[in-house]
Amino acid sequence: MLGRPCSRLYRVTLAVATLLHPEQCTQPLASPPAPCPRSRAPGFLECVLGVLKMEMTEMTGVSLKRGSHAVEDNGSLAPAVEAKRQKVSECSLTKTQDGLENNSAPSCEHAPGQPEAVSAGKSINSSDAQLEEEEEEEEDGFSEEGYVEEEAESFADMMKHGLTELDVGITKFVSSHQGFSGILKERYSDFVVHEIGKDGRISHLDDLSIPVDAEDPSEDIFTVLTAEEKQRLEELQLFVNKETSVAIEVVEDTKEKRTIIHQAIKSLFPGLETKTEDREGKKYIVAYHAAGKKALANPRKHSWPKSRGSYCHFVLYKENKDTMDAINVLSKYLRVKPNIFSYMGTKDKRAITVQEIAVLKITAQRLAHLNKCLMNFKLGNFSYQKHPLKLGELQGNHFTVVLRNITGTDDQVQQAMNSLKEIGFINYYGMQRFGTTAVPTYQVGRAILQNSWAEVMDLILKPRSGAEKGYLVKCREEWAKTKDPAAALRKLPVKRCVEGQLLRGLSKYGMKNIVSAFGIIPRNNRLMYIHSYQSYVWNNMVSKRIEEYGLKPVPGDLVLKGATATYIEEEDVNNYSIHDVVMPLPGFDVIYPKHKISEAYREMLTADNLDIDNMRHKIRDYSLSGAYRKIIIRPQNVSWEVVAYDDPKIPLFNTDVDNLEGKPPPVFASKGKYRALKMDFSLPPSTYATMAIREVLKMDTSIKNQTQLNTTWLR
């Protein structure tokens, strides 16, 4: 049986703290809160106060129910927290490594969605070095106490201020079957994403071997240096103190031992060079900087064999981490900048994902060593290539999704899945695109496009109802009370979020230069807001298009010929299907349909004080060129099965790691206490699996709606 709700919330809180700061979670948090009255148990929400990150495939762990229909096992599922603390026993990682973090500010609030293209962060500006160091110290000392204190209002109460699908224009379905209930992402392992490369090959982790290379140093490089020596070298590498070199005594002086020490320093601490010196009859290996700070981001050219491709490609298997978080973790352990990594697409957090990554001049040997150091990660399928990966080069993603404890009959499931396979689903932008607080991200985007910079500042920083971390609530309260950016910034233990970046910009440039202050936020994060507004308009217009004309092409609709949009003429209507029809995201370089929906676009933008005929912004970054997006997506490679099971904790299929470890696939009985729908399907880039599952279940996927339906977040 599950424990009482408050104690369960405590355990999930501990899991969150472990995920966010594993190095600080070796000791348990304070005692859990006293049990709540039993009367609260049925409708209580146990949730990780996680974000619906704007990743095209991300979904929330929610129980999808119809009306007040109860899900049988809500009161009996064990709260086994799948979050694990990362091991650090074999890999040295110290606090100063935070200085290598990517500069792309993750929002302290529920972040706006990822744009279709996300680039790695830039190196830290030297003029802000002192402030960055202070931030690192404060972040390292953060004990996550805010999570423990945050319990005055239940998550269900907080989320009543959130968005529903109706708020962002998601109103229509394409199928006629009767919907049914199911638990979506009850466990993050119920949602697996495999990247599909540009060659159509689905990425799998199925080989942990290291390419044989005579140039690679021996495995001894990982153990020859003591922890103290690694600490000193790390501080030298990162310019933490004023030392210009570090000398390491060769205790057992042999040529082989000196060679291994040289190799260890150069391999583990990019940017450092070494030389051998005699001092008072003893041999020392002296490490020093050869080319200044730039060497840290640009590995030495001469130390890489010319015959070997400059990029090591590998398959990354990760659990419960988004792509940028994973890159930041890998870069910390390798002691390199995150921007030497490249990838074809970002993957969501609350899932198991498998994708290809490339890294500049890091050996497969070093990467494979991380398999001994990190939990929830696995690296393999190594190869050396001449080129990095580029964002958007992928063909899409293949999904394996389990919906547990379904209530639909076999006929209902059959109808729903046949409809998904044959017709598809409306290609809406999912709820992740718009944030989860009372201030939707599209409102910020609209204010940017309107040039209303005071409103942009206010929308990002003002207090709001909804689920937020305690320290962020205090920051907003300080801002509302004093309008002092420095004072509000001091309330934030994590300053690389959007709010922290904006406050730092306001402190630097002043309240009269909000544009420059906002510009401190990394470009991709800024563009997320206006992309969110475009998505909001598109969702609303597609709903109007389907309401007005149904699921058939009509004269005046748009289709793509190559990359060019053209109109469907009366005589050509029968040459197209609804799957060919596209609609524009508003911008200066698109055309609009030649029917009623064109006027609907104009009316919507006019109501938002925007000119549809002039979508260029005086700040070039915020000029919208627009794009086209198919209105109906038909998934490929669709298959499904209904399985019976008794234990809600057991996995219902094998992952790549399970297969590598030789685990037999699960065997299902013909009858069981519960039934689950296991679905497999492939989607193109920039489409939302949530919207496909919404079509199957015929349910509103917003957190607000699910909490009002007595939803339980299990893990």
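Relevant structure appears above.
The rules behind each value
The written sequence of each chain sets the order in which its residues are numbered from 1. Two thresholds apply to this predicted model, a pLDDT of at least 70 for residue-level local features and 80 or more for giving and counting side-chain atom pairs, whereas whole-chain, interface and lining totals are computed over all residues. Heavy atoms throughout the structure, all of them, feed into the side-chain values; hydrogens and water do not. A fitted line through C-alpha atoms serves as each axis, taken over the contacting stretch for helices, and the angle formed by two N-to-C directions is quoted from 0 to 180°. Only DSSP runs of H or I reaching four residues or more are called helices, and only runs of E reaching two or more are called strands; each is numbered from the N terminus. When an angle is under 35 degrees it counts as roughly parallel; over 145 it counts as roughly antiparallel; between 65 and 115 it counts as roughly perpendicular; any other value is oblique. Each crossing gets its handedness from the near helix: less than a right angle anticlockwise from the far helix is left-handed, clockwise is right-handed. Residues are treated as being in contact if the distance between any of their heavy atoms lies within 4.5 Å. Any pair of N or O atoms that falls within 3.5 Å is considered a polar contact. Within protein, one atom must be able to donate a hydrogen and the other to accept it, and sequence-neighbouring residues count only if both atoms are side-chain atoms. For every residue, the accessible area obtained with a 1.4 Å probe (protein chains only) is divided by the maximum for its type, and the residue is called buried under 20%, exposed over 50%, and partly exposed between those limits. Centre distance within 6.5 Å is the pairing criterion for rings of Phe, Tyr and Trp, where only the six-membered ring of Trp is used; planes under 30 degrees apart are then read as stacked, over 60 as edge-to-face, and the remainder as tilted. A ring has a charge above it when a Lys NZ or an Arg CZ is no more than 6 Å from the ring centre and no more than 35 degrees off the ring normal. Pairing between two strands requires that DSSP report at least two bridges joining them. For this classification, Asp, Glu, Lys and Arg are treated as charged, while Ala, Val, Leu, Ile, Met, Phe, Trp, Tyr, Cys and Pro are nonpolar and the rest, including Gly, are polar. Salt bridges are defined as contacts in which a side-chain nitrogen from Lys or Arg sits within 4 Å of a carboxyl oxygen from Asp or Glu.

S.K.: In this structure, what is going on with the packing of helix 12 (residues 453–461) against helix 15 (residues 498–509)? I would like to understand it.
M.R.: Each pair of packed helices gets described by two things: the angle between the helix axes and the distance between those axes. Contact geometry for helix 12 and helix 15: axes closest at 10 Å, N-to-C directions at 135°. Judged by the angle between their axes, helix 12 and helix 15 are oblique. The chirality of how helix 12 crosses helix 15 is left-handed. Together, Met457, Ile460 and Leu461 of helix 12 and Val498, Glu499, Leu502, Leu503 and Leu506 of helix 15 make up the contact between the two elements.

S.K.: Would you mind showing me how to read the side chain of Lys347 here?
M.R.: Summarising the element assignment, Lys347 is placed in the loop between strand 8 (341–343) and strand 9 (352–360). At 2.9 Å, the side chain of Lys347 and the side chain of Glu195 are in polar contact.

S.K.: I'm lost on the environment of Ile520 in this one. Help?
M.R.: Along the polypeptide, Ile520 turns up in the loop between helix 16 (514–519) and helix 17 (523–549). As a C-alpha pair, Ile520 and Lys508 span 12 residues in sequence and 9.7 Å in three-dimensional space. In this structure, Ile520 is in contact with Gln501, Arg504, Gly505, Lys508 and Tyr509, ignoring residues within four places of it in sequence.

S.K.: What's the story with the environment of Leu472 in this structure? I'm lost.
M.R.: Its place among the elements puts Leu472 in helix 13 (residues 470–482). Using a relative accessible area of 0% as the deciding quantity, one classes Leu472 as buried. Residues Leu472 and Lys491, spaced 19 residues apart in sequence, show a C-alpha to C-alpha distance of 7.5 Å.

S.K.: I tried to follow the packing of aromatic side chains on my own but got confused; where do I start?
M.R.: How two aromatic rings sit relative to each other is set out by the distance from centre to centre and by the angle between their planes. The tally for this structure, following the rule as stated, stands at 14 aromatic pairs. Relative to Phe681, the ring of Phe399 has its centre 5.4 Å away and its plane inclined at 25°; by these criteria the two rings are stacked. Residue Phe399 is located in strand 11 (residues 396–404), and its partner Phe681 is located in strand 19 (residues 674–683); the two are separated by 282 residues in the primary sequence. Look at Tyr442 and Tyr536: their rings are 3.8 Å apart centre to centre, the planes differ by 5°, and that puts the pair in the stacked class. One end of the pair, Tyr442, is in helix 11 (residues 441–449); the other, Tyr536, is in helix 17, and 94 residues separate them in sequence. The ring centre of Tyr567 lies 4.4 Å from the NZ or CZ of Lys594, which sits over that ring. A cation sits over an aromatic face here: Arg694 above Phe173, 3.9 Å from the ring centre.

S.K.: Before we go on, may I ask you to explain unusual backbone geometry in this structure?
M.R.: With glycine set apart, most residues show a phi of negative sign, and most peptide bonds adopt trans. The phi angle at Asn320 is positive, at roughly 60°, despite the residue not being glycine. Considering the arrangement of structural elements, one finds Asn320 in the loop between strand 7 (311–319) and helix 8 (323–334). Judged by its relative accessible area of 7%, Asn320 falls in the buried class. Its identity is not glycine, yet Ser686 carries a phi of approximately 65°, on the positive side. Looking at where Ser686 falls in the secondary structure, it is placed in the loop between strand 19 and helix 20 (689–697). The class for Ser686 is buried, based on a relative accessible area of 11%.

S.K.: Please explain the pairing of strand 3 (residues 191–196) as it appears in this structure.
M.R.: Consecutive side chains along a regular strand alternate between the two faces of the sheet. Strand 3 sits mainly inside the fold: 6 of its 6 residues count as buried. Because side chains alternate across strand 3, one face comprises the buried residues Phe191, Val193 and Glu195, and the other comprises Val192, His194 and Ile196, equally buried. Bridge count between strand 3 and strand 11: 6 bridges; the pairing is antiparallel. Counted as the bridge partner of His194 is His398 from strand 11. Note that strand 3 and strand 9 share 3 bridges and pair parallel. Bridging across to strand 9, Val193 finds its partner in Thr353.

S.K.: Honestly, the packing of helix 11 against helix 12 in this entry has me stumped. Any pointers?
M.R.: For the pair helix 11 and helix 12, the least separation of the axes is 8 Å and the interaxial angle reads 165°. When the interaxial angle is binned, helix 11 and helix 12 end up roughly antiparallel. The way helix 11 lies across helix 12 gives a crossing that is left-handed. Every residue of helix 12 that contacts helix 11 at Gln443, Val444, Ala447 and Ile448 is listed here: Trp453, Glu455, Val456, Leu459 and Ile460. Within the contact of helix 11 with helix 12, the residues separate by chemical class into 7 nonpolar, 1 polar and 1 charged.

S.K.: Hey, could you run me through the sheet that holds strand 16 (residues 627–630) in this one?
M.R.: In a beta sheet, neighbouring strands are held together by backbone hydrogen bonds and run either parallel or antiparallel to one another. Pairing is antiparallel across the open sheet formed by 4 strands, whose spatial order is 14-13-15-16. Unpaired on one side and paired on the other, strand 14 (564–567) and strand 16 mark the two borders of the sheet. Pairs of neighbouring strands in the sheet enclose a mean axial angle of 55°, with direction left out of account. By the bridge criterion, 4 bridges tie strand 15 (residues 581–585) to strand 16 in an arrangement that is antiparallel. Note on strand 16: the bridge partner recorded for Pro584 is Tyr628. Packing against the sheet, helix 17 makes contact with strand 15 and strand 16, and its axis sits at approximately 145° to strand 15.

S.K.: In this structure, what is going on with the sheet that holds strand 6 (residues 282–289)? I would like to understand it.
M.R.: What the 3 strands build is an open sheet, ordered 4-6-5; its pairing is antiparallel. Whereas interior strands pair on both sides, the edge strands pair on one side only; in this sheet they are strand 4 (245–249) and strand 5 (272–279). On average, each strand axis in the sheet is inclined to that of its neighbour by 25°, with strand direction left out of account. Pairing of strand 5 with strand 6 involves 8 bridges; the strand directions are antiparallel. Directly across from Leu272, in strand 6, lies its bridge partner His289. In this fold helix 5 (residues 227–237) packs onto strand 4, strand 5 and strand 6, with an angle of close to 160° to the strand it touches most, strand 4.

S.K.: What is the right way to look at the pattern of salt bridges in this model?
M.R.: Close approach of charged atoms allows side chains of opposite charge to pair. Tallied over the full model, the rule gives 24 salt bridges. For the salt bridge of Arg201 with Asp199, the shortest nitrogen-to-oxygen distance reads 3.7 Å. Note on Arg201: relative accessible area 45%, which makes it partly exposed. With relative accessibility at 55%, the residue Asp199 sits in the exposed group. A salt bridge links Glu499 to Arg476; the shortest N-O distance between them is 3.2 Å. Taken as a pair, Glu499 in helix 15 and Arg476 in helix 13 lie far apart in primary sequence, 23 residues in all. Exposure remark for Glu499: the relative accessible area of 0% places this residue in the buried category. In this structure Arg476 comes out as buried when scored by relative accessible area, which is 1%. Look at the salt bridges and you will find they share partners, linking Asp199, Arg201 and Glu356 into a network.

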